[in-house]
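Results of the structural survey
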Amino acid sequence: MLFRIVTLTMLVAFLVPPALHSQQEPGIRGFTTAHLTAQRLLERQFRASPSPDRLREYMREITREPHHAGGPGSRRVADYLLTTFRSWGLDARIEETEALLSFPVERVVELVAPERYVATLKEPAVAADEDSPDEGQLPTFNAYAADGDVTAELVYVNYGLPEDYEQLRKLNIDVKGKIVLARYGRSWRGIKPKVAWEHGAVGCLIFSDPRDDGFFQGDSYTEGAWRPEHGVQRGSVMDMPIHPGDPLTPGWGSAAGGRKLARADAPTLLKIPVQPISAADALPLLRSLRGPVAPESWRGALPVTYHVGAGPSRVHLKLKFDWAIKPLHNVIVRIPGTVSPDEWIISGNHHDAWVSGASDPTSGTAALMETARGLAGLLKSGWRPKRTIVLAAWDGEEWGLLGSTEWAETHRDELLAKAVAYINSDSTGKGWLGMSGSHSLQAFINEVARDVDDPRGSGKSVLEARKAHLVEQASPGPERDGVAARAAIPLGALGSGSDYTVFLDHLQVASLDLGFGGDDGGGVYHSIYDSFYWYTTFSDGTFAHGAALSRVAGTAILRLSNADVLPFEFEATAATLRQYVDEIEKLSASGGGPGRGPLETAPIKAALGRLSKAAVVYERALARIAKADDRRVAAAQSAGINRLLYSTERAFRHEAGLPRRPWFKHLAYAPGFYTGYGVKTLPGIREGLEQDHHDEAVAFVPVVAAAISRLASEVDRAAGLLRKSAGQGD
C-alpha cells in the first residue's frame, strides 16, 4: 500500500507543470507536512469519482414506489442499498431494530354546521407525474396522533404557537373543548397540537396556507414547484422535544422481546386527534368561521376574510389507527481502521420516506451512495483508513428519528468511547452549501468547503460561492462589510429534525449537518408530489449539487479518518458561546420579572476567558506539531491526544439532562421545547428565562460554567501533550 501511494505521488509530481509547483497549496488541518501530498492525492482521486448520472440512477430506482418505514417498500430500498454496497466490495449489513408505528384506519373531517362539507383528505394524481398515482401510498395523516371521535366548535389559532394563544387570550377567546385550526409554519408541526392540548383543545387540524406554501410564493405544481391546492403535508407529531426514537423505549435500544413502556405511559404520544388537511379542504372551514377578524399577521392567502371564531363552525373529527410494532432496517457499512480502529467516523442519511421521497430523503441517500462508491474505489486501489469509517442509511427517520436513535441507544457505550464525529445529510437541492454543527468543527469544515469546487460552475469553491451569496444577501453597509470581512463562515447551531440528534444531543458526539439549497423553491414536502419528476424538473435536475455534496462529505470523512491529529479547534467554540451569553444577558434584562434583576453570568464569562486562552495556546502547539517528524507525532498519538480531542464535546454532557426532558443532555445546544426543530442555545438557561422558570435559569449558570471550565482544562491538556511531543516541554 505504501509503495503504491509513494509511486502515485512521484508520478503526480512528475506530471504537474513546474509553474504549479511554485504555487504553495494551503495546508490541511490535522496533517503534518510529511503527509500532506499523499492526502491531497487521495482526495483528488476521490473527488473525481462522484457521477451525476449514477445519482440519477439511484434516485430513479429508490423512488419508483412508495417506501415508508414499516412497509414493504422500505425493506425493498434497504435490500437495494445492501446489494449495491456489497457489489462495490464493501462490508455492509442490515441491522434490524423495531418501533411502535401508527397507521390510519379511519379518517373523517367534516363541517357539520352552519353548513355541511366533507373533507376529501386525498391528494389527486397529476398527469405529468407518473409516480403520483402509485399504489401503496400512505394516506394523508399525522403519525402518532391520538385516536378520537370529537365534534366541537372551531377556532383558528394562526400558527398555533404559545404567543398565538396569548393573542387569543387578549381577544377573550378560549379553546377549551374546541377543535383548533392551525396553519403549517413557524415551528415544527408537533408543537401545534401539543400547545392546543395544553390549552384544553380536544382536536387539531393543520393546513398548508398558500401564503406560506403555495401559489402566493410561486406557480403551483405542476406549472411550478409550489404545493398545489390539494397538496397535504404528512408528518409525525410525536413530542420529539421530550425524546425522539421509539415512543416505548426512551433512552434504551428497542429490540424484539425487550423492555417496553405501555402505550398509555409513553410521554411522546399525543393526547388529542390531529389531522393535516389541504388548503382546498381548509377553505370551507375558514369561510364559515365568524368572531373577531384575525389580526393582519394571521391572515393567509385564501380568498376569504380570516375570522378567529369560536364557531359558528362545528367540525366532526374522527381518527382511528392501527398501532403496531414494526421492524426497521438500518443499512450499515463498516470500513475498519488500520491504526486506530476504535476511533469511529460516522456518516449517515435516512432512506425511508412518506411516499416517493425524491427530495426527502433520496437526494441525500444518493449522495451517500456515491460517497460509499468513491471510498470503495480507494479501497480497491490499496488505500486503508487509519480510523474506522461507518456509513449508515437509517430507517424510520420520518416518524421520529427512529432508526438512528435506536441504533445509537443500542450502541451507546461503544459510541461514548469511540465516536469521533457524526456527519449528517438529509434532503439536498441546488444552491449553496449549508453547514451547521458543533463549533469545534467549524475551522475543519470551512477548510473542506474551501477545497471542493462550486457545482454552479462559478469557478469558485463551495466556500467562496456560499460567502459571496451571504454577502449579497446582507444589508448594504456595516452588515455586508462584516460578512465580507469574515475569514470563515460560522456554523449554524443544531437543534433537531434529522438523524444527528441522538449523536449530538444525547451522546455529545461532535456533529455536522450538510446539504445544498436556497435556489430551488417549493412546495411538495411530505406529499405524493415529492417525486422524481418534481426533483428533476424543479430542483437539482442535473444532479451536479448531489455530486458536490458527495465530494464535501467524502472529503470530510477522508480527513477525519486519516488525520495525524484530529482537526478540532476551540477558538470558534469560545467566541460562539460568548455570543450566546450576550443573548442571554439581553433576554434576562428584558424580561427578568419583578424584583429578579438581571441574571448573573460572571461565572460563565470567567470560564470562557479560560477557554479562549487555552484555545489560542492550543493553536500555537498544533502549528508546531504540524511540522514535526513522524516520531514526535506518534508520541502525541500514543499519549492519547486524539482520544482527548474527540472527547471534548462530552464536556457539555449533563447527565441529569434538561428540565422536563432528561434525554437531552447537551448544555450548549438543544431543540426548543416549543420549537421542535429550531435550536435553543444554552437551553437550560435560555428556556428557564423564556418559560418563566427563573430559578432553573439561575441553577444552570454554574452548571454551564463548570462544563466550559472542563472543556478549557481538556484543551489545556491537549496543548500540553502537543508541546511535549514536539519537544517544546510543558
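Residues numbered from 1 in each chain as written. Predicted model: local features only at pLDDT ≥ 70, side-chain atom pairs only at ≥ 80, totals over all residues. Heavy atoms only, no water.

1. Focus on the overall build of the protein
Note the following rule: Numbering goes from the N terminus for both helices and strands, where a helix is a DSSP run of H or I of at least four residues and a strand is a run of E of at least two. It is over C-alpha atoms that the radius of gyration is taken, and the globule rule equals 2.2 Å times the number of residues to the power 0.38. Relative accessible area decides the class of each residue, using a 1.4 Å probe on protein chains only: under 20% of the type maximum gives buried, over 50% gives exposed, and in between gives partly exposed. Note on charges: Lys and Arg go in the positive column, Asp and Glu in the negative column, and His and the chain ends are not counted at all. Just so you know, the charge point we use is NZ for Lys, CZ for Arg, CG for Asp and CD for Glu.
Across its full length, the protein holds 25 helices and 16 strands. Since a compact globule built from 730 residues should have a radius of gyration of about 27 Å, the 26 Å found for the protein is in line with a globular shape. Buried residues in the protein amount to 60% of all 730 residues. Each charge sign in the protein was given a centre, from 80 positive and 88 negative side chains, and these centres are 5 Å apart.

2. Comments concerning the packing of helix α15 (residues 462–473) against helix α16 (residues 478–485)
This is how it is decided: Structural elements are reduced to axes, namely lines fitted to C-alpha atoms, with helices fitted over the stretch in contact, and the angle between N-to-C directions of any two is expressed from 0 to 180 degrees. For this classification, under 35 degrees means roughly parallel, over 145 means roughly antiparallel, 65 to 115 means roughly perpendicular, and everything else is oblique. Working rule for contacts: check all heavy atoms of both residues, and any pair within 4.5 Å makes them a contact. Side-chain classes are defined by residue name, with Ala, Val, Leu, Ile, Met, Phe, Trp, Tyr, Cys and Pro counting as nonpolar, Asp, Glu, Lys and Arg as charged, and the others, Gly among them, as polar.
As a packed pair, α15 and α16 sit with axes 8 Å apart at the nearest point and diverge in direction by 170 degrees. By the angle class used here, α15 and α16 are roughly antiparallel. Taking contact as the criterion, the partners of Lys467, Leu470, Val471 and Glu472 in α15 are, on α16, Arg480, Val483 and Ala484. Tallied by class, residues from the contact of α15 with α16 come to four nonpolar, no polar and three charged.

3. Remarks on the packing of aromatic side chains
The test is simple: Two aromatic rings from Phe, Tyr or Trp, using only the six-membered ring of Trp, form a pair when their centres are within 6.5 Å; if the ring planes differ by under 30 degrees the pair is stacked, by over 60 it is edge-to-face, and anything between is tilted. Whether a charge lies above a ring is judged from NZ of Lys or CZ of Arg, which has to be within 6 Å of the ring centre and within 35 degrees of the ring normal.
The tally for this structure, following the rule as stated, stands at 25 aromatic pairs. Aromatic ring contacts, followed pair by pair, group Phe103, Phe141, Tyr144, Phe321, Trp323, Trp354 and Trp399 into a single cluster. Positioned above the aromatic ring of Tyr674 is the side chain of Lys194, whose terminal nitrogen or guanidinium carbon lies 5.2 Å from the ring centre. Over the ring of Trp344 we find Arg334; its NZ or CZ atom is 5.2 Å from the centre of that ring.

4. Describing the side chain of Thr648
Tracing the sequence through the fold places Thr648 in the loop between α23 (641–646) and β15 (669–671). A relative accessible area of 3% places Thr648 in the buried class. Setting aside anything within four residues of it in sequence, one finds Thr648 in contact with Phe570, Leu711 and Glu714.

5. Side note on unusual backbone geometry
Going from Ala113 to Pro114, the amide bond is cis rather than trans, its omega being 0 degrees. Tracing the chain through its elements places Pro114 in the loop between β1 (91–113) and β2 (117–118). In this chain, Gly311 is followed by Pro312 through a cis amide linkage whose omega measures 0 degrees. In this model, Arg186 sits at a positive phi of 70 degrees, which is unusual for a non-glycine residue. Relative to the helices and strands, Arg186 is located in the loop between β5 (179–183) and α7 (191–198). The backbone phi angle of Leu401 is positive, close to 55 degrees, even though this residue is not glycine. With respect to the helices, strands and loops of the structure, Leu401 is situated in the loop between α11 (397–400) and α12 (402–410). Using a relative accessible area of 2% as the deciding quantity, one classes Leu401 as buried.

6. Things to note about helix α14 (residues 442–450)
Summarising burial for α14: seven of the nine residues are buried, a large majority. Those residues of α14 lying buried are Gln442, Phe444, Ile445, Asn446, Glu447, Val448 and Ala449.

7. Concerning the pairing of strand β4 (residues 148–156)
For clarity, the threshold we go by: DSSP-based pairing: two strands are paired if at least 2 bridges between them are found.
Bridge count between β4 and strand β9 (residues 309–335): seven bridges; the pairing is antiparallel. Across the sheet, Asp149 pairs through a bridge with Lys318, a residue of β9. Of the strand pairs in this sheet, β4 and β5 are connected by three bridges, and their pairing is parallel. Bridge pairing in β5 links Val155 to Val180.

8. Description of the pattern of salt bridges
Going by this rule: For this analysis, a salt bridge means a side-chain nitrogen from Lys or Arg found within 4 Å of a carboxyl oxygen belonging to Asp or Glu.
Taken as a whole, this structure holds 35 salt bridges when the rule is applied. A salt bridge links Arg60 to Asp131, with the shortest nitrogen-to-oxygen separation between them at 2.9 Å. In this pair, Arg60 sits in helix α4 (residues 52–62) while Asp131 sits in the loop between β2 and β3 (142–143), placing the two residues 71 residues apart along the sequence. For Lys418, the salt bridge is made with Asp342, and the minimal N-O distance between the two is 3.6 Å. Here Asp342 lies in strand β10 (residues 340–350) and Lys418 lies in helix α13 (residues 412–418), a separation of 76 residues in the sequence. Members of the salt-bridge network, linked through shared partners, are Glu43, Arg47, Arg450, Asp451 and Arg559.

9. Focus: the confidence of the model for the protein
Here is the rule we go by: pLDDT expresses how confident the predictor is about each individual residue, on a scale running from 0 to 100.
Summing up the model confidence of the protein, the mean pLDDT is 94 and the portion of residues at 70 or higher is 95%. Within the model, the stretch residues 1–22 combines pLDDT values under 50 with 15 contacts to residues more than four positions away or in other chains.

10. Some remarks on the packing of helix α3 (residues 36–47) against helix α19 (residues 544–562)
Going by this rule: Two helices that cross are described as forming a left-handed crossing if the nearer one is turned anticlockwise from the farther one by less than a right angle, and a right-handed crossing if clockwise.
With their axes 10 Å apart at the nearest point, α3 and α19 run at an angle of 150 degrees to one another. Taken together, the axis directions place α3 and α19 in an arrangement best described as roughly antiparallel. The hand of the α3/α19 crossing is right-handed. Side by side, α3 and α19 meet where Gln39, Leu42, Glu43, Phe46 and Arg47 of the first sit next to Ser550, Arg551, Gly554, Thr555, Leu558, Arg559 and Asn562 of the second.

11. Focus: the environment of Phe700
Residue position: Phe700 is located in helix α25 (residues 694–725). In this structure, the C-alpha to C-alpha distance between Phe700 and Gly688, residues 12 residues apart in sequence, is 8.8 Å. Those residues in contact with Phe700 that lie beyond four places of it in its chain are His654, Gly657, Leu658, Pro659, Leu667, Gly684 and Ile685.

12. What to know about the environment of Val483
Its location among the elements puts Val483 in helix α16. Note on Val483: relative accessible area 11%, which makes it buried. Taking the C-alpha atoms as reference points, Val483 and Val471, separated by 12 residues in sequence, lie 5.8 Å from one another. The residues contacting Val483, other than those within four sequence positions of it, are Lys467, Leu470, Val471 and Ala474.

13. Section: the environment of Thr542
Structurally, Thr542 is set in the loop between α18 (532–538) and α19. Residues Thr542 and Phe570 lie 28 residues apart in sequence; the distance between their C-alpha atoms is 38 Å.

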